[in-house]
Amino acid sequence: MKLSRRALLRTLLQGAGAALVLGGKGQAVEVGSGEASGPLTVRVTRPFDAETPVREFASWLTPNERFFVRSHFGPPSAESIQPDAWRLTVKGLVKEELTLSLKDLQQFEAATLTAVLQCSGNGRAHHRPKVPGVQWERGAVGNAQWTGVRLRDVLQRAGVKLQGLHVQLQGADRPVLATVPLFTRSIPLAKALHPDTLLAYEMNGRPLPLLHGAPLRVITPGWMAESCMKWLTEITVRADETPGYYMQQAYRIPETAVRLSSGLPGSAMVPVERMLVKSLIAAPAEGETVRPGPVTIRGVAWAGEAAVANVEVSCDDGRTWETARLLGEEQPYAWRQWQFVWQARALGPTAILCRARDAQGEEQPVTSPWNPGGFLWNGWDRLTVTVAA
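Model, not experiment: these values are computed from the prediction.

## Side note on the overall build of the protein
So, point 1. When its secondary structure is counted, the protein shows 5 helices and 25 strands.
So, point 2. Across the protein, the fraction of contacts at a sequence separation of at least 24, relative to all contacts at a separation of at least 6, is 67%.
So, point 3. In the structure as shown, the protein presents an accessible area of about 17200 Å², 52% of it carried by carbon and sulfur atoms.

This is the structure in C-alpha cells:
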C-alpha cells in the first residue's frame, strides 16, 4: 500500500514517539510526544528539513521532538536499519576489519556528553548576496545529551595502520537516482581519535529517533553537523580525504574571506569544520509588544570547542552594550543560556541585539563574511519589539 506524504512522515516520527501534521514550505507543524509538544518550521518537505523556532530554546536541552531535522535524501528504508539486521563495518587501512551489531557496540564503554548540533547552513537566509540552498534562518541548531561509545575505542579495536590519516563515514541513506552521489564525508584521524567524538545511539536519554540517525550516528562535538553522519553503516580509514562531491565540492569555504567587490578570485577552499561563536535571542519574539519597565531578554550562546566568555546585549540598535548574565555551569560543547533585564522606557519600536565572545577572544561579528555555500553565519542576532503603555 502506498503511503501518503502525511502518513509517511507520521510513520517516520514514530521512532521518536511523535506525530506530525505537515504544512507547506515555511509553515509551522506540530510535533509532540505525550505532554511535550512544540512547533517545527518546515523549509523543505522532501526530504523533510525543518528548523526549531528560537522561542523553543527556553529549555537548556532541546527535546528530541523539537530538534531541527536535516538530511539530503531522507531516512533509509526501515528494514535496512532494524536493530537486529543493522551492522557497522570498519575497514580500509586497519589491521582487522570489523563487523559489529548494535549489541556488539554496546559492549564498549559507554560515554555521555552534552553538545550543540548545528547545520552548517544555519543562518544562510541572512547572507547577502543571497545564496542558493535551504534557506535556514536561526533555528537549525539544538543542544542535546548524546550517549554512545567512543569512535576512538572502535578504531583501536580495529587497529589503525600508520598510513591512515582520515576516517570516512557512510550512512545507509540513498538518493532516489543512481546518478546522484552518496552523502559521504571524512574527518581527520585526530578528530576521530578525540575521546569526545562519539558513535551515539541515544539522544536525551532515549534511543536515537529515526529522523536523527537511528540506530547510530556520529557526534563530532564542537564541529558543524555535516560531520555527524546519520544512519551510520560504514567506517573506512583512508590515507587521504574522501573524494566525491560532498567532501570536495560541497561543505567547503574559502580559506580567507571573499571580497565581493575586489574582482579577485577566491582563495583555496577548505572543509567546513569547527563552529564559530554565536548567540541568539529566544525571548521576547520579533514584533512583540512589551510594556514600559523591566523586560527580561533571554537567549543562548555557544562557541563550539571553546567556552563562552560573555554575552552582551544592546537595546539601542548597537550604540551601547551591557553584559548579560550567563546561567548554569559551563559544559564543554554545550550552549549557555543567558538573560538580561532591560528597563524599557521610550515608547515605540526598539531594536535589540546580542553578541557573544568566546574564551579564546573570538567575537561574534556584525555580519558574517560571505561565502558561496552560505555557511557559518554568525552575525549579531537582531530583533525589533514595540514598547507600548
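## Details of the sheet that holds strand 5 (residues 88-92)
So, point 1. Taken in spatial order, the 5 strands make up an open sheet running 6-5-14-9-10, and their pairing is mixed. Strand pairing shows two members of the sheet lacking a second neighbour, strand 6 (98-100) and strand 10 (184-188), which therefore form its edges. Mean inter-strand twist for the sheet, computed between neighbouring axes without regard to direction, equals 20°.
So, point 2. Note: strand 5 against strand 14 (residues 232-238), 4 bridges, orientation parallel. Paired with T89 across the bridge in strand 14 is E234.

## Considering empty space enclosed by the protein
So, point 1. By the definition in use, this model includes 5 cavities of 30 Å³ or more.
So, point 2. Space inside the largest cavity adds up to approximately 260 Å³.
So, point 3. Residue lining of the largest cavity: 19 residues in total, with R70, S71, R217, A225 and K230 positioned closest to the centre.
So, point 4. Its residues assigned to classes, the lining of the largest cavity comprises 10 nonpolar, 4 polar and 5 charged.

## Describing the pairing of strand 11 (residues 198-203)
So, point 1. Extensive coverage of strand 11 is indicated by the burial of 5 of its 6 residues.
So, point 2. Sheet analysis places strand 8 (residues 141-150) next to strand 11, joined by 5 bridges and oriented antiparallel. The residue of strand 11 that forms the bridge with W146 is M203.
So, point 3. Pairing analysis gives 3 bridges linking strand 11 to strand 13 (residues 217-219), with the strands arranged antiparallel. Bridge assignment links L199 to a residue of strand 13, and that residue is V218.
So, point 4. Two successive antiparallel strands, strand 11 and strand 12 (residues 206-207), enclose a turn made up of 2 residues, where N204 displays a positive phi of approximately 55°.

## A few points about the pattern of salt bridges
So, point 1. Within this structure, the stated rule accounts for 19 salt bridges.
So, point 2. A salt bridge links E137 to R43, with the nearest nitrogen and oxygen atoms 3.5 Å apart. On the criterion of sequence distance, the pair formed by E137 in the loop between strand 7 (110-118) and strand 8 and R43 in strand 3 (residues 36-44) is long-range, its members being 94 residues apart.
So, point 3. With a relative accessible area of 14%, R43 lands in the buried category.
So, point 4. A salt bridge links E226 to R185; its shortest N-O distance comes to 3.8 Å.

## Some details on the sheet that holds strand 22 (residues 325-326)
So, point 1. The antiparallel open sheet is built from 4 strands, whose spatial order is 17-19-23-22. Because the sheet does not close on itself, it has two edges, and the strands there are strand 17 (278-283) and strand 22.

## Brief notes about the packing of aromatic side chains
So, point 1. The tally for this structure, following the rule as stated, stands at 11 aromatic pairs.
So, point 2. Both rings, one in F68 and one in W136, keep their centres 6.4 Å apart while their planes meet at 80°; by these two values the pair is edge-to-face. Taken together, the residues span a long stretch of sequence, with F68 in the loop between strand 4 (49-51) and strand 5 and W136 in the loop between strand 7 and strand 8 at a distance of 68 residues.
So, point 3. Plain terms: the ring middles of F183 and Y246 are 5.1 Å apart, the flat faces sit at 75° to each other, and that makes the pair edge-to-face. Of the two residues, F183 is situated in the loop between strand 9 (166-171) and strand 10 and Y246 in helix 5 (residues 245-248); the sequence distance between them amounts to 63 residues. Considered together, F183 and Y246 belong to a single accessibility category, that of buried residues.

## A word on helix 3 (residues 151-158)
Two residues of an α-helix separated by three or four positions point the same way, owing to the 3.6 residues in each turn.
So, point 1. Buried within helix 3 are the following residues: L151, D153, V154, L155 and A158.
So, point 2. Downstream of helix 3 by one or two residues, G159 has phi in the positive range, about 80°.

## Things to note about the layout of surface pockets
So, point 1. Of the pockets and cavities examined, the second largest pocket occupies roughly 530 Å³.
So, point 2. Among the elements of the structure, strand 3, strand 17 and strand 25 (381-387) are those that each provide at least two residues to the lining of the second largest pocket.
So, point 3. The residue makeup of the lining of the second largest pocket, split by class, is 15 nonpolar, 8 polar and 9 charged.

## Structural notes on the pairing of strand 10
For a regular strand, side chains alternate in direction, first toward one face of the sheet and then toward the other.
So, point 1. Strand 10 sits mainly inside the fold: 4 of its 5 residues count as buried.
So, point 2. With 5 bridges joining them, strand 9 and strand 10 adopt antiparallel strand pairing. Bridge assignment links Q170 to a residue of strand 10, and that residue is T184.

## Looking at the confidence of the model for the protein
So, point 1. Residue-level pLDDT values for the protein average 90, and 88% of them are 70 or greater.
So, point 2. When the criterion is pLDDT under 50, residues 1-38 qualifies, and its contacts beyond four places in sequence or with other chains add up to 77 contacts.

## Here's the deal with the side chain of R185
So, point 1. Relative to the elements of secondary structure, R185 occurs in strand 10.
So, point 2. At 2.7 Å, the side chain of R185 forms a polar contact with the backbone oxygen of Y246.
So, point 3. Setting aside anything within four residues of it in sequence, one finds R185 in contact with V167, Q168, L169, E226, S227, M229, T242, Y246, M247, A250, Y251 and V272.

Rules of the game
Residues numbered from 1 in each chain as written. Predicted model: local features only at pLDDT ≥ 70, side-chain atom pairs only at ≥ 80, totals over all residues. Heavy atoms only, no water. Helix = DSSP H or I, 4+ residues; strand = E, 2+ residues; numbered from the N terminus. Contact = heavy atoms within 4.5 Å. Areas by Shrake-Rupley, 256 points an atom, 1.4 Å probe, with all protein chains shown as cover. Pairing = 2+ DSSP bridges. Axes fitted to C-alpha atoms, helices over the stretch in contact; angles between N-to-C directions. 1 Å grid on protein atoms, 1.4 Å probe; cavity = no way out; pocket = protein on both sides within 12 Å on 5 of 7 lines; lining within 4 Å. Points joined across faces, edges and corners; volume = space filled by probe spheres on them. Nonpolar A, V, L, I, M, F, W, Y, C, P; charged D, E, K, R; others polar. Buried < 20%, exposed > 50% of the residue type's maximum accessible area, 1.4 Å probe, protein only. Salt bridge = Lys/Arg side-chain N within 4 Å of Asp/Glu carboxyl O. Phe/Tyr/Trp six-rings, centres within 6.5 Å; stacked < 30°, edge-to-face > 60°. pLDDT = per-residue confidence, 0-100. Polar contact = N/O pair within 3.5 Å; in protein donor to acceptor, adjacent residues only side chain to side chain.

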